[in-house]
Amino acid sequence: MNQEKENLLDPAFLRKLERLRIQARRAFPGTMRGERRSTKRGASVEFADFRKYEAGDDFRHVDWNIYARLERLMLRQFVEEEDVRIDILVDQSQSMRFGAPRSKFDFARRAAAALTFLGISSLDRVGVAAFDTSLRERLKAQRGRGHLLNVLRFLDALAGDNRQAIAPDEPESVPQSEQVTTSTGASARTDLSAVLRGFQRANSRPGIVFVISDFLDTSSFRTEMKLLARRGFDLNLIQVLATDELAPEVAGDLMFVDSETGEAREITVNERLVAAYKTALGQYTHGLESFCRSQGIGYTLVSAAAAFEELLLKNLIEARMAE
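What counts, and where the lines are drawn
For every chain, the first residue of the written sequence is number 1, and numbering continues from 1 along that sequence. A pLDDT threshold of at least 70 governs which residues receive local features in this predicted model, and a stricter bar of 80 or more applies before side-chain atom pairs are shown or counted, although totals over entire chains, interfaces and linings include all residues. Neither water nor hydrogens contribute to the side-chain values; these are computed over all heavy atoms in the structure. The helix and strand labels rest on DSSP assignments: H or I over at least four residues marks a helix, E over at least two residues marks a strand, and numbering proceeds from the N terminus. Given the number of residues in a helix, its expected span is that number minus one, multiplied by 1.5 Å. Throughout this description, buried means an accessible area under 20% of the type-specific maximum (1.4 Å probe, protein chains only), exposed means over 50%, and partly exposed covers the range between. The pairing criterion for strands is at least two bridges between them, as found by DSSP. Lines fitted to C-alpha atoms define the axes here, with helix axes fitted over just the stretch in contact, and angles between the N-to-C directions of these axes take values from 0 to 180 degrees. Just so you know how the angles are binned, under 35 degrees is roughly parallel, over 145 roughly antiparallel, 65 to 115 roughly perpendicular, and the rest oblique. We call two residues in contact whenever any of their non-hydrogen atoms come within 4.5 Å of each other. Any residue outside Ala, Val, Leu, Ile, Met, Phe, Trp, Tyr, Cys, Pro, Asp, Glu, Lys and Arg is labelled polar, Gly included; the first ten of those are nonpolar and the last four are charged.

*Asks:* Outline helix 4 (residues 104-121), listing residues and values.
*Replies:* For helix 4, with 18 residues, the first-to-last C-alpha span of 26 Å sits near the 26 Å given by 1.5 Å per residue. Burial analysis of helix 4 places 16 of its 18 residues in the buried class, which makes it a mostly covered element. Among the residues trailing helix 4, Leu 123 stands out with phi positive, at a value near 65 degrees.

In structure tokens:
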């Protein structure tokens, strides 16, 4: 594995990932045989239900014990295991470039790489997309170890300054090797509401969705998340914040500039203002978490400066996103 890939997934970290798998909160209809519980009935080892025998059914599935007791032909049905589509949406807006020594965006890219590895290890199809005001460059959901390398190259390319876009209502119509380029500018803003609305238009079949973002967005994205959840999508939010956002250590007369809007404001920072900020941030993150819990949406908050293993070995498991 070359240096480019080690930045996202190093061998020691992969060995830890091999113990985990992405957890689905519900069953989904897949398209290929995999390792996921499906809504269909098939021939696995996990019993699901009985049904009446009909002409042409396989006699091997008849429960002869029931026939001996009730003189009725009943067939045993088992859970079909199929693959699931997993979509990972990574926020690449300008606010995600904040943070040191690791930016929120670098943390998000590595989290996306880890989730891709987990999905592919479970024989699921994994797709990755970047967004700011809309869904941007996107990799079509595929299976296989070869696709993991495509995802790593894709995520590595996102670290550059070039932003490329695919129309959100037809993301799968453009071949992977062809990309439609648009200019977004260096101060790309976040519009998660428009992103999730476009994602819903483009995807009719429910699956597992991870959104990795700081969620510092004033749009009404909670409405769109509620609609996704009600349509049967298993939605999971990973909120990434920088250390300076969680526990700012600043004081004095300062000029604050919004990285996305460019709006500047002079502020005198003192202990009371910092305390008020922490209270407001706590209310926002707790409110988002409470909303997610009420809608059956996974949620976890993580610091971009935290040990990355904490996300996979602790946060995702506690949030029931992995097992």
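Anyway, onward from the coordinates.
*Asks:* I'd love a proper account of the environment of Leu 152, names of residues and values included.
*Replies:* Mapping Leu 152 onto the fold places it in helix 5 (residues 145-158). The class of Leu 152 is buried, set by a relative accessible area of 2%. For the pair Leu 152 and Phe 117, spaced 35 residues apart in sequence, the C-alpha to C-alpha distance is 9.9 Å.

*Asks:* Please set out the pairing of strand 5 (residues 135-142) residue by residue, giving values where relevant.
*Replies:* Residues in a regular strand project their side chains so that they alternate between the two faces of the sheet. Most of strand 5 is tucked away: 6 of the 8 residues are buried. Pairing geometry for strand 4 (residues 125-131) and strand 5, over 4 bridges, is antiparallel. Each residue of the ladder has a partner; that of Ala 129, found in strand 5, is Arg 138. Linking two consecutive strands that pair antiparallel, namely strand 4 and strand 5, is a turn of 3 residues.

*Asks:* Please give an account of the packing of helix 4 against helix 5 that cites residues and values.
*Replies:* Interaxial distance between helix 4 and helix 5 falls to 10 Å at its minimum, and their mutual angle equals 170 degrees. With respect to their mutual orientation, helix 4 and helix 5 come out roughly antiparallel. Between helix 4 and helix 5, the contacting residues are Phe 105, Arg 109, Ala 112, Ala 113, Thr 116, Phe 117, Ile 120 and Ser 121 on the first element and Arg 145, His 147, Leu 148, Val 151, Leu 152, Leu 155, Asp 156 and Leu 158 on the second. Within the contact of helix 4 with helix 5, the residues separate by chemical class into 10 nonpolar, 3 polar and 3 charged.

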